[in-house]
Every structure is written in C-alpha cells, then in structure tokens.
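Letter by letter, the chains look like this.
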Amino acid sequence: MSDCIFCKIANHEIPSDYVYEDDLVVAFKDLNPLSPVHVLVVPKKHYDNITDNVPAETLAAIAHAIEVVAQKTGIDKTGFRCITNTGDDGGQSVHHLHVHVLGGRKLNPTAGEGE
Ligand code: AMP
C-alpha cells in the first residue's frame with residue numbers, strides 16, 4: 001500500500017531503528033515505547049491485521065522474528081508480552097499487521113499493551 005507507513009518502513013523508504021530483518025519480516029523499535037523494550041514485528045507484505053489471510057510461512061517468520069528480537073534485547077531471559085491489536089475496538093491505529101513485543105520491566109498481568 002503506497003500510503004502505509006509500515007510498508008514504507010519495511011521497504012526502507014522511511015528509516016527506522018531496525019532490530020531484525022529477513023526476507024519476510026522486519027522488526028523495529030516503536031516510536032513511542034511503552035516499556036524499556038518495545039519492538040514491532042511487521043511482515044514486509046501488507047496485511048491489514050491478523051485476520052487478513054496471512055500465509056503460514058509469514059506467521060512462522062513473525063514467530064521466528066519475535067524469538068530473535070527477544071534474544072537480541074535480552075528479554076528472552078526475563079519474559080515479555082506479544083500483542084497484536086486488531087480493528088478499532090482492539091485499539092489498532094496502524095492498519096498493517098504488527099506484533100508489539102514488550103518487556104524490560106514487570107508488566108501488569110491483567111492489563112493490555114504496555115500497562
Ligand atoms: P497499534 O496502535 O497497535 O496500531 O500500534 C501502532 C504502533 O506504531 C504504536 O505503538 C506507535 O507508537 C507505532 N508507530 C507509529 N508510527 C511509527 C513509526 N514511524 N516508527 C515506529 N513506530 C511507529
């Protein structure tokens with residue numbers, strides 16, 4: 001999508017603070033971090049959200065990227081939270097599938113993203 005900010009970041013049209021990249025996904029630091037580690041894992045191809053017929057290969061690549069991001073940032077040892085907000089009620093503000101990887105501090109177990 002030509003006007004999608006995450007498509008532009010994934011294609012390196014807009015610079016970002018990248019943490020990981022492979023053929024299918026990129027991971028970069030969230031602009032407004034809600035925790036000491038807050039990384040977004042994003043497929044390079046545009047999918048609106050997790051319900052948008054995402055191929056199994058891409059889902060596996062996202063899972064792998066989460067693992068690598070956790071290892072690179074050290075939160076694999078302490079624990080972390082993965083969230084994908086979906087649609088308006090889910091609080092999705094960027095309509096390109098992304099998984100928030102949050103950690104680096106104790107997160108509220110009953111709250112949502114970053115709380
Ligand atoms: P969501 O509300 O789940 O759609 O999450 C969108 C996230 O994208 C928010 O946490 C924003 O802070 C983040 N964000 C928006 N624009 C950028 C950007 N240019 N670079 C990095 N993160 C961004």
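Look up a bit, the structure's there.
Just so we're clear, the structure is a prediction, and the values are computed from it rather than from any experiment.

A. Structural detail: the overall build of the protein. A tally of helices and strands in the protein yields two helices and five strands. The N-to-C order of helical and strand elements in the protein reads α-β-β-β-α-β-β. Taking 2.2 N^0.38 as the reference for a compact globule, 115 residues should give roughly 13 Å; the C-alpha atoms of the protein span a radius of gyration of 13 Å, in line with that estimate. When burial is assessed residue by residue, the protein has 42% of its 115 residues classed as buried.

B. Local environment of the pattern of salt bridges. Evaluation of the coordinates by the stated rule reveals three salt bridges. Among the salt bridges present, the one from lysine 29 reaches aspartate 17, with a minimum N-O distance of 3.8 Å. Taken together, the positions of lysine 29 in strand β2 (residues 25-29) and aspartate 17 in the loop between α1 (5-10) and β1 (18-21) put the pair 12 residues apart, joining distant regions of the chain. Assessed through its relative accessible area of 45%, lysine 29 is described here as partly exposed. With a relative accessible area of 42%, aspartate 17 lands in the partly exposed category.

C. Seen up close, the layout of surface pockets. Volume-wise, the largest pocket comes out at about 390 Å³. Broken down by secondary-structure element, the contributors of at least two residues to the lining of the largest pocket are α1, β2 and β3 (37-43). Ranked by residues supplied to the lining of the largest pocket, first place goes to α1 with three residues. Its residues assigned to classes, the lining of the largest pocket comprises 10 nonpolar, nine polar and four charged.

D. Representation of the site of the ligand in the model. The full set close to the ligand counts 16 residues, and Asp30, Asn85, Ser93, Val94 and His100 are the nearest of them. For the ligand, an oxygen atom lies 2.8 Å from a polar atom in the side chain of asparagine 85. In this structure, an oxygen atom belonging to the ligand sits 2.7 Å away from a main-chain N or O atom of serine 93. Computed on the free molecule, the ligand has an accessible area of 500 Å², of which 84% lies beneath the protein chains in the complex.

E. Examining the packing of aromatic side chains more closely. Evaluation of the coordinates by the stated rule reveals two aromatic pairs. Ring centres 5.4 Å apart and planes at 75° place the aromatic pair phenylalanine 6 and phenylalanine 28 in the edge-to-face group. A residue pair is termed long-range when its members are at least 10 positions apart, and phenylalanine 6 in helix α1 and phenylalanine 28 in strand β2 qualify at 22 residues. Side by side, phenylalanine 6 and phenylalanine 28 carry an identical accessibility label, which is buried. Members of the aromatic cluster, each reached through a chain of ring pairs, are Phe6, Tyr18 and Phe28.

F. Broad picture of the state of the cysteines. Scanning the entire structure with this criterion turns up zero disulfides. Of the cysteine sulfurs around cysteine 7, a residue in no disulfide, the closest is that of cysteine 4, at 3.8 Å.

G. Up close: the side chain of arginine 81. Summarising the element assignment, arginine 81 is placed in strand β4 (residues 80-83). Under the relative-accessibility criterion, arginine 81 is labelled buried at 16%. A polar contact is formed between the side chain of arginine 81 and the backbone oxygen of asparagine 108, at a distance of 2.6 Å.

The rules behind the values
- Residues numbered from 1 in each chain as written.
- Predicted model: local features only at pLDDT ≥ 70, side-chain atom pairs only at ≥ 80, totals over all residues.
- Heavy atoms only, no water.
- Helix = DSSP H or I, 4+ residues; strand = E, 2+ residues; numbered from the N terminus.
- Rg over C-alpha atoms; globule rule 2.2 N^0.38 Å.
- Buried < 20%, exposed > 50% of the residue type's maximum accessible area, 1.4 Å probe, protein only.
- Salt bridge = Lys/Arg side-chain N within 4 Å of Asp/Glu carboxyl O.
- 1 Å grid on protein atoms, 1.4 Å probe; cavity = no way out; pocket = protein on both sides within 12 Å on 5 of 7 lines; lining within 4 Å.
- Points joined across faces, edges and corners; volume = space filled by probe spheres on them.
- Nonpolar A, V, L, I, M, F, W, Y, C, P; charged D, E, K, R; others polar.
- Near = heavy atom within 4 Å.
- Polar contact = N/O pair within 3.5 Å; in protein donor to acceptor, adjacent residues only side chain to side chain.
- Areas by Shrake-Rupley, 256 points an atom, 1.4 Å probe, with all protein chains shown as cover.
- Phe/Tyr/Trp six-rings, centres within 6.5 Å; stacked < 30°, edge-to-face > 60°.
- Disulfide = S-S within 2.5 Å.

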